[in-house]
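A structural walkthrough
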Amino acid sequence: MPTNVSAQTDKAFEANGLGVSLSEAVETTQEDAGRESQSERWVEENRKAFAEYDEVVEGNGVFSEGRRLF
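Residues numbered from 1 in each chain as written. Predicted model: local features only at pLDDT ≥ 70, side-chain atom pairs only at ≥ 80, totals over all residues. Heavy atoms only, no water.

Topic: the overall build of the chain
The number of helices and strands found in the chain is 3 helices and 0 strands. When the helices and strands of the chain are listed from N to C terminus, the series reads α-α-α. Computed over C-alpha atoms, the radius of gyration of the chain comes to 23 Å, more than 25% over the 11 Å expected from 2.2 N^0.38 for 70 residues, which places it beyond the range of a compact globule. The C-alpha extent of the chain, read off along each of the three principal axes, is 60 × 30 × 20 Å. For the chain, the proportion of its 70 residues judged to be buried stands at 0%. Of the roughly 6900 Å² of accessible surface on the chain, a fraction of 52% belongs to carbon and sulfur atoms. Seen as two clouds, the 7 positive and the 15 negative side-chain charges of the chain have centres 7 Å apart. (Helix = DSSP H or I, 4+ residues; strand = E, 2+ residues; numbered from the N terminus. Rg over C-alpha atoms; globule rule 2.2 N^0.38 Å. Buried < 20%, exposed > 50% of the residue type's maximum accessible area, 1.4 Å probe, protein only. Areas by Shrake-Rupley, 256 points an atom, 1.4 Å probe, with all protein chains shown as cover. Lys, Arg positive; Asp, Glu negative; His and termini not counted. Charge placed at Lys NZ, Arg CZ, Asp CG, Glu CD.)

Shown next as structure tokens:
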């Protein structure tokens, strides 16, 4: 889907002079932002489970406690 993107002219010329493709940079940034957003959403969706697990560990310890060699 074609999209318009605004960029600072001097930064765009500088990047172009360094051989950086503005299209590739935008795509990479968009992909990174999407992954970060998915990760944040996953953490939020699972926050309750994390808290419940922490309570279990706090009350009972972890399975291998006392058996680890490190």
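Next, the rest of the story.
As for a negative patch on the surface
Taken together, Glu52, Asp54, Glu55 and Glu58 make up a surface patch of like negative charges. Its location among the elements puts Glu58 in helix α3 (residues 47-60). (Patch = residues over 30% accessible without salt bridge, like charges linked within 9 Å, V, L, I, M, F, W, Y side chains within 5 Å. Salt bridge = Lys/Arg side-chain N within 4 Å of Asp/Glu carboxyl O.)

A closer look at a nonpolar patch on the surface
A surface patch of nonpolar side chains, amounting to about 240 Å² of accessible area, comprises Val5, Leu22 and Val26. In this fold, Val26 is placed in helix α2 (residues 22-45).

Observations concerning helix α1 (residues 9-17)
One full turn of an α-helix is made of 3.6 residues, so residues set three or four places apart face in the same direction. Burial analysis of α1 places just 0 of its 9 residues in the buried class, which makes it a mostly uncovered element. Just downstream of α1 lies Gly19, where phi reads positive at about 85 degrees.

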